[in-house]
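Spelled out from the first residue to the last, the chains are:
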Amino acid sequence: MRDKDLYAQILGITSPWQVTDVELALSEGTVTVHVGRDAQIALCCPTCAQPSPGYDSRPRRWRHLDTCQYNTIVVADVPRVKCAQHGVVTTAVLWAEPGSGFTALFEALVIDWLKEASVAA
């Protein structure tokens, strides 16, 4: 299995998104997973799900669970759309909640840790 396919499976990335590159920086202790969106698939407003024209895109980064001992970062240019009803809004991504700097799997792990930790600890 190729590294791109492996990270697509791990992160649950499906169309219209795809893993475009995986970079290992040994000296920095990081794995960077680059995710891109298929430009052929129409954009929709994340609020009303109506097809909407693209407005622009913003580079985003999310902290993911470690890959072995390496910090894993997901990077993507996330499109914004201009919805007739909601104005300019950022489209949703499969691996994270809106506005979060962490993947959903990372957040779930931290929540599990917090449930196990006592206040006194």
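Just so it is clear, the model here is predicted, and its values are computed rather than measured.

Participant: What is the right way to look at the nonpolar core in this model?
Facilitator: For soluble globular proteins, the rule of thumb is that nonpolar side chains tend to be buried together. In this structure, Val35, Trp62 and Trp95 are the most contacted members of the largest nonpolar core, which totals 18 residues. Contributions of two or more residues to this core are made by α1 (3-11), β1 (17-25), β2 (30-37) and β4 (70-83). Broken down by element, this core gets its largest block of residues, four residues, from β4. The next biggest cluster of nonpolar side chains, apart from the first, holds five residues, and it includes Cys45, Val81, Cys83 and Val89.

Participant: Even after reading the chapter, I still don't get the environment of valine 78, so can you show me in this structure?
Facilitator: Relative to the elements of secondary structure, valine 78 occurs in strand β4. A sequence separation of 23 residues divides valine 78 from glycine 101, and the C-alpha atoms of the two residues are 13 Å apart. For valine 78, the contacting residues outside a window of four places in its chain are Trp17, Asp56, Ser57, Arg58, Arg60, Trp62, Thr90, Thr91 and Val93.

Participant: How should the layout of surface pockets be read in this particular structure?
Facilitator: If you roll a probe as big as a water molecule over the atoms, it shows you where there is empty space left. Size it by volume and the largest pocket reaches roughly 160 Å³. In terms of lining, the largest pocket is formed by Ser15, Pro16, Trp17, Arg37, Ala42, Leu43, Cys44, Cys45, Pro46, Thr91, Ala92 and Leu94. The class makeup of the residues in the lining of the largest pocket is nine nonpolar, two polar and one charged.

Conventions we followed
- Residues numbered from 1 in each chain as written.
- Predicted model: local features only at pLDDT ≥ 70, side-chain atom pairs only at ≥ 80, totals over all residues.
- Heavy atoms only, no water.
- Core = buried A, V, L, I, M, F, W, Y, C linked by side-chain atoms within 4.5 Å.
- Buried < 20%, exposed > 50% of the residue type's maximum accessible area, 1.4 Å probe, protein only.
- Helix = DSSP H or I, 4+ residues; strand = E, 2+ residues; numbered from the N terminus.
- Contact = heavy atoms within 4.5 Å.
- 1 Å grid on protein atoms, 1.4 Å probe; cavity = no way out; pocket = protein on both sides within 12 Å on 5 of 7 lines; lining within 4 Å.
- Points joined across faces, edges and corners; volume = space filled by probe spheres on them.
- Nonpolar A, V, L, I, M, F, W, Y, C, P; charged D, E, K, R; others polar.

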